[in-house]
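Spelled out, the chains give:
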Amino acid sequence: MLADYHVHTEFSDDSIYPMEQVVKDAITRKMDEICFTDHVDYGIKEDWDCGHTIRYRGKEPLANVDYPVYFASIQKLREQYGAQITIRMGMEFGMQMHTIPKYEALFQNYPFDFIILSVHQVDDKEFWSQDFQKGKSQQEYYRRYYQELLDLVNAYQNYSVLGHLDLIVRYDLCGGYPFEKTEPIISNILKAVIENGKGLEINTSYHRYGLSDTTPSVDILKLYRRMGGEIITIGSDSHEPEHLGAYIEEAKQLLKRLGYRFFCTFEQMRPIYHRL
């Protein structure tokens, strides 16, 4: 069973990978299943029908998914290619506490199979640009990031897994931060995730970002397992053809070594377990 559960396309502001080409490439690579998870980042980006002109950052529109076209496109691809590959309908919700009502409304409007809950920015300040980290000590921005995640998992339930749980590491210019200092709050996050029947993803993009550890880290994966966590998906976080399906099998072998028995796919927001 080869499935990629974190896939971006032309519907995300940071990708130009045509959705149909993603499907064709996945079939060529003998994949059994993919889940489209294009970006929605309220607070930073706006909907195409917001009523005013969308701002651009270079060539990238600061806009969320064009929802009606997105869902119609996925349905059309299911009809065309459904005999060759399973196509799931998902999104990546780049959430913040003050944006929860917008996501609640969006979730109710469409028949999702899968939702990744991610935090890409806090207080409308993005990590990749260093706007969030600016003026904060390393301890302060780690603490603030994980606190936002903890608040979200306690307040919001319409998601499937937490995406790249320790994302802040990717954009930390100060280097490594001791796991022991974040373990207490990460434990609280994982406790809520497990109690609410949600899961984690292992995001294989750590390879292309040149990170020295997995995303989330092996320490977090071990902690989740010790706490009884079982729901886990594997995604490449692909934005380009060379990303699609990358290192999925390697991630499965890692999970086996860490004591996991299953990985998951999703249908209609319910996990389906596949033995590793």
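Here the structure is a predicted model, which is why all the values come from computation and not from measurement.

Engineer: Tell me what's going on with the nonpolar core, and back it up with residues and numbers.
Structural biologist: Ranked by internal contacts, the top residues of the largest apolar core, which has 85 residues, are F36, M91, F93 and L162. Residues within four places of F93 in sequence aside, it is in contact with V40, Y103, L106, F112, I115, I116, L117, S118 and Y156.

Engineer: Give me the pairing of strand β12 (residues 262-267): which residues, what numbers.
Structural biologist: Along β12, five of the six residues are buried, which leaves the element largely enclosed by surrounding structure. Taken together, the six bridges between β12 and strand β13 (residues 270-275) define a ladder with antiparallel strand orientation. Its bridge partner being in β13, F262 is matched across the sheet by R275. Here β12 folds back onto β13 in antiparallel fashion, the turn holding two residues, of which Q268 has a positive phi close to 50°.

Engineer: Explain the sheet that holds strand β9 (residues 161-162) to me, and be specific about the residues and the numbers.
Structural biologist: Reading across the sheet, the seven strands line up as β1-β2-β5-β6-β9-β10-β11 and stay open at both edges, with parallel pairing between neighbours. Unpaired on one side and paired on the other, β1 (3-7) and β11 (232-235) mark the two borders of the sheet. Of the strands in this sheet, β2 (33-40) and β5 (86-94) touch helix α2 (residues 67-81), which is tilted by about 160° from β5. Packed on one face of the sheet, helix α3 (residues 100-109) meets β2, β5 and β6 (114-118) and runs near 165° to β5.

Engineer: I'd like to hear about helix α5 (residues 179-195), residue by residue, with values.
Structural biologist: Relative to the 24 Å expected for 17 residues at 1.5 Å per residue, α5 spans 23 Å between its end C-alpha atoms, a close match to the ideal helical length. A bend of about 35° at I185 is the largest found in α5. Along α5, the residues classified as buried are F179, T182, I185, I186, S187, I189, L190, A192 and V193. Positive phi shows up at G197, right after α5, with a value of about 70°.

Engineer: Please provide a residue-by-residue account of the side chain of H274, values included.
Structural biologist: The residue H274 is located in strand β13 in this model. Owing to a relative accessible area of 18%, H274 belongs among the buried residues under this scheme. Every residue in contact with H274, bar those within four places of it in the chain, is listed here: M1, R261, F262, F263, C264 and T265.

Engineer: Describe in detail the environment of T86, supporting the description with residues and values.
Structural biologist: Among the secondary structure elements, T86 is positioned in strand β5. Put simply, T86 and T37 are 49 residues apart on the chain and 14 Å apart in space, counted from C-alpha to C-alpha. Beyond its immediate chain neighbours, meaning those up to four positions away, T86 contacts D32, E33 and I34.

Engineer: Lay out the packing of aromatic side chains in plain terms, naming residues and giving numbers.
Structural biologist: Enumeration over the complete set of coordinates arrives at 19 aromatic pairs. With 4.2 Å between their ring centres and 10° between their planes, F71 and Y110 make a pair best called stacked. Remark: Y110 occurs in the loop between α3 and β6 and F71 occurs in helix α2; sequence separation between them is 39 residues. Given a relative accessible area of 24%, Y110 falls into the partly exposed group. Counting every residue linked through ring pairs, the aromatic cluster contains F11, Y42, Y67, Y70, F71, F93, Y103, F107, Y110 and F112. Over the ring of F132 we find K136; its NZ or CZ atom is 4.4 Å from the centre of that ring. K198 extends its terminal NZ or CZ atom over the ring of Y159, reaching a point 5.5 Å from the ring centre.

Engineer: Which residues make up helix α4 (residues 138-155), and what values do they have?
Structural biologist: With 18 residues, α4 ought to run about 26 Å at 1.5 Å a step, and its terminal C-alpha atoms sit 26 Å apart, in line with that. Turning to α4, its buried residues number three or more, namely Q138, Y141, Y142, Y145, Y146, E148, L149, L150, L152 and V153. Here the buried face of α4 lies against α3, β6, β7 (121-122), β9 and α5.

Here is what the cut-offs are and how they apply
Residues numbered from 1 in each chain as written. Predicted model: local features only at pLDDT ≥ 70, side-chain atom pairs only at ≥ 80, totals over all residues. Heavy atoms only, no water. Core = buried A, V, L, I, M, F, W, Y, C linked by side-chain atoms within 4.5 Å. Buried < 20%, exposed > 50% of the residue type's maximum accessible area, 1.4 Å probe, protein only. Contact = heavy atoms within 4.5 Å. Helix = DSSP H or I, 4+ residues; strand = E, 2+ residues; numbered from the N terminus. Pairing = 2+ DSSP bridges. Axes fitted to C-alpha atoms, helices over the stretch in contact; angles between N-to-C directions. Expected span 1.5 Å × (residues − 1). Bend = angle between axes of the 7 residues up to and from the residue. Phe/Tyr/Trp six-rings, centres within 6.5 Å; stacked < 30°, edge-to-face > 60°. Lys NZ or Arg CZ within 6 Å of the ring centre and 35° of its normal.

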